[in-house]
Amino acid sequence: MANKPVLLTGIQPSGDLHIGNYFGAMKPFVELAQTGGYQTYVMVVDYHALNTVQDSDQMRRRIREIAMAYLAVGLDPNEIILFQQSAVPAHTELAWIFDAITTMPYLMRAHAFKDAEAKNKEISVGTFNYPMLMAADILLYDTTLVPVGKDNKQHIEITRDTAEKFNRIFKEEVFTLPEGHIQSGVEIVPGTDGQKMSKSYGNVIQLFGSHDDLVKAVMSIVTDSSGERPQNVYAIHKLVRSEEELEQMYTEHKGNYKVLKEFLIEDLDRYFAPIRAKHEELKSDDSIVDLVLEAGKREARAVSETKMEQVRRAIGVA
Ligand code: ADP
Ligand code: TRP
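About the criteria used
- Residues numbered from 1 in each chain as written.
- Chains lettered and ligands numbered in written order.
- Predicted model: local features only at pLDDT ≥ 70, side-chain atom pairs only at ≥ 80, totals over all residues.
- Heavy atoms only, no water.
- UniProt positions renumbered as here; feature names shortened; annotations may be inferred.
- Near = heavy atom within 4 Å.
- Polar contact = N/O pair within 3.5 Å; in protein donor to acceptor, adjacent residues only side chain to side chain.
- Areas by Shrake-Rupley, 256 points an atom, 1.4 Å probe, with all protein chains shown as cover.
- Helix = DSSP H or I, 4+ residues; strand = E, 2+ residues; numbered from the N terminus.
- Buried < 20%, exposed > 50% of the residue type's maximum accessible area, 1.4 Å probe, protein only.
- Nonpolar A, V, L, I, M, F, W, Y, C, P; charged D, E, K, R; others polar.
- Patch = residues over 30% accessible without salt bridge, like charges linked within 9 Å, V, L, I, M, F, W, Y side chains within 5 Å.
- Salt bridge = Lys/Arg side-chain N within 4 Å of Asp/Glu carboxyl O.
- Lys, Arg positive; Asp, Glu negative; His and termini not counted.
- Charge placed at Lys NZ, Arg CZ, Asp CG, Glu CD.

As annotated in an unreviewed UniProt entry, the chain carries the name Tryptophan--tRNA ligase. The record held by UniProt for the chain lists under Sequence similarities (unreviewed entry) the comment "Belongs to the class-I aminoacyl-tRNA synthetase family."

What follows is the structure, given as structure tokens:
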């Protein structure tokens, strides 16, 4: 186990999970983890979420939900290290060290910062700094592979730059350069309005919502009334059914948007049924998640502390 390449991901407990998160981040990740070829780390990045979630009850509830979700989508708790970022102090410590070797103009080129600036938003220092904490998350564990959506590609580049810069300044190969992994075909899952599905756009189909939520979301998918094929419906449909079958279905029911949406509801229900069942099972016994997070914390602390000893020696504080 010790010598396997490291696969790692982090997800923010900052909102209900949607199928964009599932197809863009969780599913590709689980598939890689299930090959058995990796030492796998899954992190609930609660300190990243603190930039937006500033309600303790919500934070607490969502941390558990994310942990449960990862187990529900098929990760084996005996094979992976699942933990809360905040439970492992090395993350914020290393982020500070990266802050010290990174310039403001460099971070000002980050898309997330530029977007916020363009919208005249007053962003928090933590949001500006977000890529440094993410770099720490990844680099502490000698990560080889980080599966992310296209929107996180730049964060991986920043992580690589930061690793290289650190190694160069302190003349030691302390950090391994990670690779991003973007699954082809499902790069950006569209939402009910055709834009990128995102909790901040209110256009999501929830992963663990009720049947009524699902019906409401699918029925609200914006269709172009001039065409015969509702592109926004099709784009989501092809995630859960083969394009050959869809070709036939969409030809047969050409122009009948309501029927096509009903098929989509059925197919989404069927596709997610096993995941939802597992999620319900985990919800009914809280202790499983507690145990998994506790074991993950111990393991992640041990691995990251060894790396931090090397870092502190390299920079000359130890
Ligand atoms: P949101 O956009 O809803 O705020 P996050 O930024 O929390 O979602 O994203 C969590 C993970 O899910 C990231 O890895 C991100 O790349 C992925 N992701 C989010 N939305 C989508 C989408 N519409 N399509 C593909 N991947 C997505
Ligand atoms: N930036 C990721 C997101 O968009 C969250 C994240 C934080 C992450 N640290 C990470 C992803 C480390 C992968 C690896 O939600």
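After that view, the rundown keeps rolling.
Once that is clear, we can look at the site of ligand 1. In the vicinity of ligand 1 there are 15 residues, among which His18, Asp151, Val189, Ser198 and Lys199 approach most closely. The side chain of histidine 18 places a nitrogen or oxygen atom 2.6 Å from an oxygen atom of ligand 1. Alone, ligand 1 offers 530 Å² of accessible surface; in the complex the protein occludes 88% of this.

The next subject is unusual backbone geometry. The phi dihedral of aspartate 142 is positive, around 50 degrees, even though this residue is not glycine. In this structure, aspartate 142 sits in the loop between α7 (125-139) and β4 (143-147). In the Ramachandran plot, lysine 171 falls in the positive-phi region, its phi being about 50 degrees despite a non-glycine side chain. If you trace the backbone, lysine 171 turns up in the loop between α8 (153-169) and β5 (179-181). Lysine 171 gets classed as exposed once you look at its relative accessible area, which sits at 75%.

Below, the discussion takes up the site of ligand 2. All residues adjacent to ligand 2 are Leu8, Thr9, Gly10, Gln12, Val45, His48, Tyr130, Met134, Asp137, Ile138, Val146 and Asn152. Within the complex, 88% of the 360 Å² of free accessible area of ligand 2 lies under protein. At the level of secondary structure, the elements contributing two or more residues to the shell around ligand 2 comprise β1 (6-11) and α7. Of the residues forming the shell around ligand 2, the biggest block, 4 residues, is contributed by α7. Tallied by class, residues from the shell around ligand 2 come to 6 nonpolar, 5 polar and 1 charged.

The next subject is a negative patch on the surface. A cluster of acidic residues, Glu157, Asp161, Glu164, Glu172 and Glu173, forms a negative patch on the protein surface. Inspection of the secondary structure assignment puts glutamate 157 in helix α8.

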